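Overview (structure and organization)
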Amino acid sequence: MAMNQGRIAEEGKKDATAGGVVALAAALEVVLLFAGIMAYIWRWQRTSPHAWIGLWALILVSHVLHRDTWTGLGLGLIGLRASAKWVLPLALLFYLPLLFYGFASRRLLLIHPTWQSFIPLLGYGSWCAFQQYLTQSYFHNRLMLVTRNRHVSSALIGVLFSAAHIPNLILMVATLVAGFVFAEVFARYRNIWPLAFAQAVGGLLLAAVSPDILIHHMRVGPGYFFYGIR
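Okay, so let's go over this structure. (Residues numbered from 1 in each chain as written. Predicted model: local features only at pLDDT ≥ 70, side-chain atom pairs only at ≥ 80, totals over all residues. Heavy atoms only, no water.)

**Observations regarding the pattern of salt bridges**
Going through the model one piece at a time under the given rule, you end up with 2 salt bridges. Across the pair Arg142 and Glu29 runs a salt bridge, and its minimum N-O distance is 3.3 Å. With Arg142 in helix H4 (residues 115-146) and Glu29 in helix H1 (residues 2-47), this residue pair connects regions lying 113 residues apart in the sequence. Here Arg142 and Glu29 have matching classes, each one buried. Measuring nitrogen to oxygen at the nearest pair gives 2.6 Å for the salt bridge that ties Arg142 to Asp68. Remark: Asp68 occurs in the loop between helix H2 (51-65) and helix H3 (80-104) and Arg142 occurs in helix H4; sequence separation between them is 74 residues. With a relative accessible area of 27%, Asp68 lands in the partly exposed category. Because the salt bridges share partners, they merge into one network encompassing Glu29, Asp68 and Arg142. (Salt bridge = Lys/Arg side-chain N within 4 Å of Asp/Glu carboxyl O. Helix = DSSP H or I, 4+ residues; strand = E, 2+ residues; numbered from the N terminus. Buried < 20%, exposed > 50% of the residue type's maximum accessible area, 1.4 Å probe, protein only.)

Put into C-alpha cells, the structure is as follows:
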C-alpha cells in the first residue's frame, strides 16, 4: 500500500514537472512569436516584407509539434452555432450605438446593395478571419497551456490584441474589449468564424463613423504617423 502511494506521488511529481515544462515552453513561444509580429509591424514590413512567411511557418511547425486538431483550432463547424449565439448578440450591443451615431451624423446612408458593396466586407472579413486565427487558434491556445484560468488567458489575449494596434488609440480600446470578449467565447466554444464576422462588421462600422483624423484610416504601427503625408 505504501509502495503504491509512493509510486502515485512520484508519477504526480513527474506529471507536474512535465506540465511545468510545457507551460514554460508555451510562454516562451508566445513571447518570441508576438515579438516577431511586432517587429514585422514596426520594421520588417518595410525592410523585409516577406518575413511574415517565416513567422507563419514557425506557427505551422508549432501546430504540428503540439498536434493541434482542426476542431481545437476552431476552424471547423463544431461550436459554430453556440459561438454565434453568444458573440453576435454581444456584438449587436456594440453595433447599435455606432449605427445610431452614424445615421444621426449622416456618416452612414442607406443605399441599394450591389455586389460591389460586399467586396469591402469580403476582403476585410478575410483579414479579420486571419487575425482571429492568429489571436485565438494560435496565441490563445498556447496561453491556455500557460495558465489554467481561462479568464486570465482571455485578459492576456485582449492585451496582446490591443498592443498589436499601437498607437491607434481608438483601435487599441476597441480591440482590448473585443479581444477579451472574443477570447472568453473561444475558450468555451472553439470556433473563430462568428468572431471574425463580428470583428469585420464592427471594424467597418467603426471606420465609417470615426473621424479619419483620429482613426487614420485604421492604420497601426509607423503607418499611423505617416497618414496624410504624400
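Still more ground to cover, so stick around.
**Examining the packing of aromatic side chains**
Within the structure shown, the criterion is met by 8 aromatic pairs. Ring plane angle 40° and centroid distance 5.9 Å describe the contact between Phe130 and Tyr133, whose orientation is recorded as tilted. One end of the pair is Phe130 and the other is Tyr133, both in helix H4 and 3 residues apart, which spans about a single turn. Taking relative accessible area as the criterion, Phe130 reaches 26% and is therefore assigned partly exposed. Grouping aromatic residues by their ring pairs yields a cluster made of Trp52, Trp56, Trp127, Phe130 and Tyr133. (Phe/Tyr/Trp six-rings, centres within 6.5 Å; stacked < 30°, edge-to-face > 60°.)

**Remarks on H2**
Taking 1.5 Å as the rise per residue, H2 with 15 residues should run 21 Å; its terminal C-alpha atoms sit 22 Å apart, in good agreement. Within the span of H2, buried status applies to Leu55, Ile59, Ser62 and His63. Relative to the axis of H2, the buried residues are bounded by an arc of 105° and lie together on one face. Summarising the geometry of H2, the exposed residues directed more than 90 degrees from the buried face are Val64 and Leu65. Just beyond H2, the residue with positive phi is Arg67, at close to 55°. (Expected span 1.5 Å × (residues − 1). Arc of directions from axis to C-beta.)

By themselves, these figures tell us nothing about what the structure is for.
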